[in-house]
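Tertiary structure, described
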Protein chains: 2
Amino acid sequence: MIKILVDAMGGDNAPAAIVEGAVKALENDKELYLILTGRQADVERELGKFSYDKTRLEIVDCPDVIDMNDIPTEAVKRKQSSLIAAYWMLKKQDDICALVTAGSTGATIAGGQLILGRIRGIKRPALCPAIPNSRGSITLLCDCGANAECKPVMLCQFAILASAYAKAGFGIDKPKVGLLNNGTEEHKGDPLHQETYKYLSQMEGINFIGNIEGRDIMLGECDVAVADGFSGNIALKSIEGCGKLVLNVLKQSFLSSLRSKIGYLFMKKAVKNMRGQLDFDKYGGALLLGLKKVVVKSHGSSKPGAITASIANAAAIYRGGLVPKVEELLEGVDFSTLIPEE
Amino acid sequence: MIKILVDAMGGDNAPAAIVEGAVKALENDKELYLILTGRQADVERELGKFSYDKTRLEIVDCPDVIDMNDIPTEAVKRKQSSLIAAYWMLKKQDDICALVTAGSTGATIAGGQLILGRIRGIKRPALCPAIPNSRGSITLLCDCGANAECKPVMLCQFAILASAYAKAGFGIDKPKVGLLNNGTEEHKGDPLHQETYKYLSQMEGINFIGNIEGRDIMLGECDVAVADGFSGNIALKSIEGCGKLVLNVLKQSFLSSLRSKIGYLFMKKAVKNMRGQLDFDKYGGALLLGLKKVVVKSHGSSKPGAITASIANAAAIYRGGLVPKVEELLEGVDFSTLIPEE
């Protein structure tokens, strides 16, 4: 039995989308046991719309809800909120494997650091989404926003965290790691990236292929793109913006003439395929890596399908042994020797 | 008569694509006079394939060619190269308005700084492409790679440079300026971006709308996106990568079944429209802003159409009064008062 906590109140479409997504995940994976945290009456009302295996789902009543406007370090004190209560259960109950939330990113990070805690040796947790690439596979982008300011040791650890994720979540044996930079040559970038390049080249267990550029994320030149949280965030959101523009333009093109409308009827399936390939949500949100247990941050605008995918992803990553794989890779590197000034 | 220098040897497809693009530009705009720098025999051979107005085109023989592997600060000394010879003519001859090159970005920046020179008061030149957005207009992204490390004063000046470009090149009256950051809230980002936010809010003549995220570039939330060259480069290339992926996926979708192939026949025009809307080259490369004259850097892989667009863009921006507009905006800001430590 894999026990996973689901923050039923997190995100723009909570609790309806969360509950619907959770019920579907439960149906898909008979090994799952879900604990939904949230306002009991609201969650029960939504659950009432579905039939599901009641022996594998429970509700923990949390009267309080954190929203996007709350200050993360304050929010983390609100023990009766659906997110923070879930973090405390995750920390205290050994048999619970993972937490899935579509709630505030800031509060999720703060709760991860201050309640659940980091894996021994890890300096900072990092957000890591899986981005579809043109090889028909994914590129993990780590960090994409948890750390606006980074040091080389943090970037080196992001390489470890995301490599472990690539192995545990996607079965990639020796994930190729690239450093997101403003050019591929070794000397490129600011001192942070120049130093990080040097250290990554020396790290045992990391299959470093050198610098990559923004375009290489979606072209799939590597399995893991290591980034400082500032530029990782900009890469991720630039890609999202481009994807949105394209789908808008495509829609307009289809509607632009009778001719193209007829064409669309013939192509519906192909277009749907394309939407699917650009769908970030199907890989189940971003992982908050570096913590003692699996935490998945689903997009704030998550619909039921994204929640189902996030829960399935959490289960898969737990089964794949994410945390032990991080610990194993960490053992291979002596950071005090690699980066003496740290 | 508008005299423009064209580096006939720069880029992957030189001199053929450059010469063809130049001839087309000459045909489109009867006020143009083009000076092609390059190996005379090669340029003449390519010119021989076309008929054109010989009274408005001359060749300056330059036996030397700089390529992408040359070190910019060394390359700048090679006065007989097509790019550097062009820069010297641009500097010395008052009646020449602009330079267009698809050659090495590094050498173009170095030549701009070391030969042509910056506008008085400008700290650093910046690369600024026009990116198509979902409003059917463009967003100027400045800087996108000339300066990997920036100070607040540089970012504030990028706002001036690109605002002047928006006015001179696209007739946008009060261009909306956003600061590319990892979130829209005022406090977001590292100290560089936090400080820049503060200064931009106080600048006369700049219509600052606050922080923007990567997605807002293509969604067209502003006319000018100010970025440090590192994250600007990552945004630009992430968008390019996404665009490439999408066009690949689209092509595959069209070819995936007989049904979709039939659909494609009906939709060819709509798809062509879409390709057009995603075509960065149609706006004629990136401007190298902050220099005493107009310099346009066309993509290294430029085809004839991109060169024609770059030449037309150079002429339009000269006509629009780019440099006087920069000087006017600069006069409105006393940087020593705005940013005391600079």
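Residues numbered from 1 in each chain as written. Chains lettered and ligands numbered in written order. Predicted model: local features only at pLDDT ≥ 70, side-chain atom pairs only at ≥ 80, totals over all residues. Heavy atoms only, no water.

1. Some remarks on the overall build of chain A
Within chain A one finds 13 helices and 11 strands. Against the compact-globule benchmark of 20 Å for 342 residues, chain A has a radius of gyration of 20 Å, which places it among compact chains. With respect to the principal axes defined by its C-alpha atoms, chain A has extents near 60 × 60 × 35 Å. The burial tally for chain A puts 60% of its 342 residues in the buried class. Across chain A, every contact between residues at least 6 apart in sequence was considered, and the portion connecting residues at least 24 apart equals 73%. Split by element, the accessible area of chain A, about 13500 Å² in all, is 49% carbon and sulfur. Distance between charge centroids for chain A: 6 Å, based on 41 positive and 40 negative side chains. (Helix = DSSP H or I, 4+ residues; strand = E, 2+ residues; numbered from the N terminus. Rg over C-alpha atoms; globule rule 2.2 N^0.38 Å. Buried < 20%, exposed > 50% of the residue type's maximum accessible area, 1.4 Å probe, protein only. Contact = heavy atoms within 4.5 Å. Areas by Shrake-Rupley, 256 points an atom, 1.4 Å probe, with all protein chains shown as cover. Lys, Arg positive; Asp, Glu negative; His and termini not counted. Charge placed at Lys NZ, Arg CZ, Asp CG, Glu CD.)

2. Some thoughts on the interface of chain B and chain A
The interface is formed by 52 residues belonging to chain B together with 52 residues belonging to chain A. Of the roughly 4500 Å² buried at the junction of chain B and chain A (both faces included), carbon and sulfur atoms supply 71%. The interface formed by chain B and chain A includes 4 salt bridges. One salt bridge connects Glu240(B) with Arg215(A), and the closest N-O pair in it is separated by 2.8 Å. Counting across the chain B and chain A interface gives 6 residue pairs in polar contact (both at pLDDT 80 or more). Where the side of chain B that touches chain A is concerned, the elements lending two or more residues are helix 7 (191-202), helix 8 (214-219), helix 9 (229-255) and helix 10 (258-277) of chain B. The element best represented in the side of chain B that touches chain A is helix 9 of chain B, accounting for 20 residues. Class assignment of the residues belonging to the side of chain B that touches chain A gives a composition of 25 nonpolar, 18 polar and 9 charged. (Buried area = accessible area lost by both parts, 1.4 Å probe. Salt bridge = Lys/Arg side-chain N within 4 Å of Asp/Glu carboxyl O. Polar contact = N/O pair within 3.5 Å; in protein donor to acceptor, adjacent residues only side chain to side chain. Nonpolar A, V, L, I, M, F, W, Y, C, P; charged D, E, K, R; others polar.)

3. Focus: the nonpolar core
By size, the foremost hydrophobic cluster in this structure holds 101 residues, and its most contacted members are Tyr87(A), Leu141(A), Ile217(A), Tyr87(B), Leu141(B) and Ile217(B). Among the elements that line this core, the one with the most residues is helix 9 (residues 229-255) of chain A, at 12 residues. Non-local contacts of Leu141(B), meaning those with residues more than four positions away in its chain, are made with Leu127(B), Cys128(B), Pro129(B), Ile131(B), Leu180(B), Ile217(B), Ala225(B), Ala227(B), Gly232(B), Ala235(B) and Leu236(B). (Core = buried A, V, L, I, M, F, W, Y, C linked by side-chain atoms within 4.5 Å.)

4. Here we look at the packing of aromatic side chains
All names here are of chain B. Taken as a whole, this structure holds 4 aromatic pairs over all chains when the rule is applied. Look at Tyr165 and Phe170: their rings are 5.6 Å apart centre to centre, the planes differ by 45°, and that puts the pair in the tilted class. Judged by its relative accessible area of 0%, Tyr165 falls in the buried class. Owing to a relative accessible area of 28%, Phe170 belongs among the partly exposed residues under this scheme. (Phe/Tyr/Trp six-rings, centres within 6.5 Å; stacked < 30°, edge-to-face > 60°.)

5. Regarding helix 1 (residues 16-28) of chain A
Over its 13 residues, helix 1 of chain A extends 19 Å from the first C-alpha to the last, a length consistent with the 18 Å expected when each residue adds 1.5 Å. Elements that come into contact with the buried residues of helix 1 of chain A comprise strand 1 (2-7), strand 2 (32-38), helix 2 (40-47), strand 3 (57-61) and helix 11 (304-319) of chain A. (Expected span 1.5 Å × (residues − 1).)

6. With respect to the confidence of the model for chain A
Looking at chain A, pLDDT values average 92 and 99% of them are 70 or higher. Among the scores for the predicted complex, ipTM is 0.88 and pTM is 0.91. (pLDDT = per-residue confidence, 0-100.)

7. Comments concerning the relation of the copies chain B and chain A
Once turned by 180° and shifted 0.0 Å along the axis, chain B lies on chain A with an RMSD of 0.1 Å. Both chain copies can therefore be described as sitting about a two-fold axis. Within chain B, the C-alpha atom positioned nearest to the axis of rotation is that of Gly263(B), 1.9 Å from it. Of all interface residues in chain B, 100% are interface residues in chain A too; the two copies therefore contact each other through one and the same surface. (Least-squares fit on C-alpha atoms with pLDDT ≥ 70 in both.)

8. What about the sheet that holds strand 1 of chain A?
All names here are of chain A. Read from one edge to the other, the open sheet built from 11 strands follows the order 3-2-1-4-11-10-5-6-9-7-8, with strand pairing classed as mixed. Looking at strand neighbours, the two that pair on one side only are strand 3 and strand 8 (207-212), the edges of this open sheet. Along the sheet, successive strands turn relative to each other by an average axial angle of 25°, direction set aside. (Pairing = 2+ DSSP bridges. Axes fitted to C-alpha atoms, helices over the stretch in contact; angles between N-to-C directions.)

9. A word on the sheet that holds strand 3 (residues 57-61) of chain B
Residues and elements named next belong to chain B. Spatially, 3-2-1-4-11-10-5-6-9-7-8 is the arrangement adopted by the 11 strands of the open sheet, whose pairing is mixed. One side of each edge strand has no neighbouring strand; the edge strands of this open sheet are strand 3 and strand 8 (207-212). Put simply, the sheet's adjacent strands are angled 25° from each other on average, direction ignored. Bridging between strand 1 (residues 2-7) and strand 2 (residues 32-38) involves 6 bridges; their strand directions are parallel.

10. Digging into the packing of helix 4 (residues 82-92) of chain A against helix 5 (residues 105-116) of chain A
Residue and element names in this part refer to chain A. Look at helix 4 against helix 5: their axes get within 10 Å of each other, and the N-to-C directions meet at 35°. As helix 4 runs across helix 5, the sense of the crossing is right-handed. Between helix 4, through Leu83, Ile84, Tyr87, Trp88, Leu90 and Lys91, and helix 5, the contact on the second element is made entirely by Ala107, Thr108, Gly111, Gly112, Ile115 and Leu116. (Left-handed = near helix turned anticlockwise from the far one by under 90°.)

11. Details of the pattern of salt bridges
In a structure, side chains of opposite charge can pair up when their charged atoms sit close to one another. Evaluation of the coordinates by the stated rule reveals 31 salt bridges over all chains. Two residues, Asp223(A) and Arg135(A), come together in a salt bridge whose shortest N-O distance is 3.4 Å. With Asp223(A) in the loop between helix 8 (214-219) and strand 9 (224-226) and Arg135(A) in the loop between strand 5 (126-132) and strand 6 (138-142), this residue pair connects regions lying 88 residues apart in the sequence. Overall, the relative accessible area of 44% leaves Arg135(A) in the partly exposed class. A salt bridge links Glu213(A) to Lys237(B); the nearest nitrogen and oxygen atoms lie 2.3 Å apart. Remark: Lys237(B) occurs in helix 9 and Glu213(A) occurs in the loop between strand 8 and helix 8; the pair is interchain, linking two chains. Taken as a pair, Glu213(A) and Lys237(B) share a single burial class, namely buried. Each of Arg39(A), Asp42(A), Arg45(A), Glu46(A) and Lys49(A) takes part in a single network of salt bridges with overlapping partners.

12. Things to note about the environment of Leu179(B)
All names here are of chain B. Among the secondary structure elements, Leu179 is positioned in strand 7 (residues 176-180). We classify Leu179 as buried; its relative accessible area is 0%. Sequence spacing of Leu179 and Thr196 is 17 residues, and the spatial spacing of their C-alpha atoms is 8.3 Å. Residues in contact with Leu179, not counting those within four places in the same chain, are His193, Thr196, Tyr197, Leu200, Phe208, Gly210, Asn211, Ile212 and Val226.

13. Focus on the pairing of strand 7 of chain B
Among the 5 residues of strand 7 of chain B, 4 are classified as buried, and the element is accordingly described as predominantly covered. Note that the unit made of strand 7 of chain B, helix 7 of chain B and strand 8 of chain B has a crossover that is right-handed. (Right-handed = clockwise from strand over helix to strand, strands pointing away.)

14. A few points about the pairing of strand 1 of chain B
Residue and element names in this part refer to chain B. Where burial is concerned, most of strand 1 is hidden: 6 out of the 6 residues are buried. Along strand 1, one buried face is formed by Ile2, Ile4 and Val6 and the opposite face, lined by Lys3, Leu5 and Asp7, is buried too. Between strand 1 and its parallel partner strand 2, the chain crosses via helix 1 (residues 16-28), and the hand of that crossover is right-handed. Relative to strand 4 (residues 96-101), strand 1 is paired through 4 bridges, and the arrangement is parallel. Paired with Lys3 across the strands is Ile96, a residue of strand 4.

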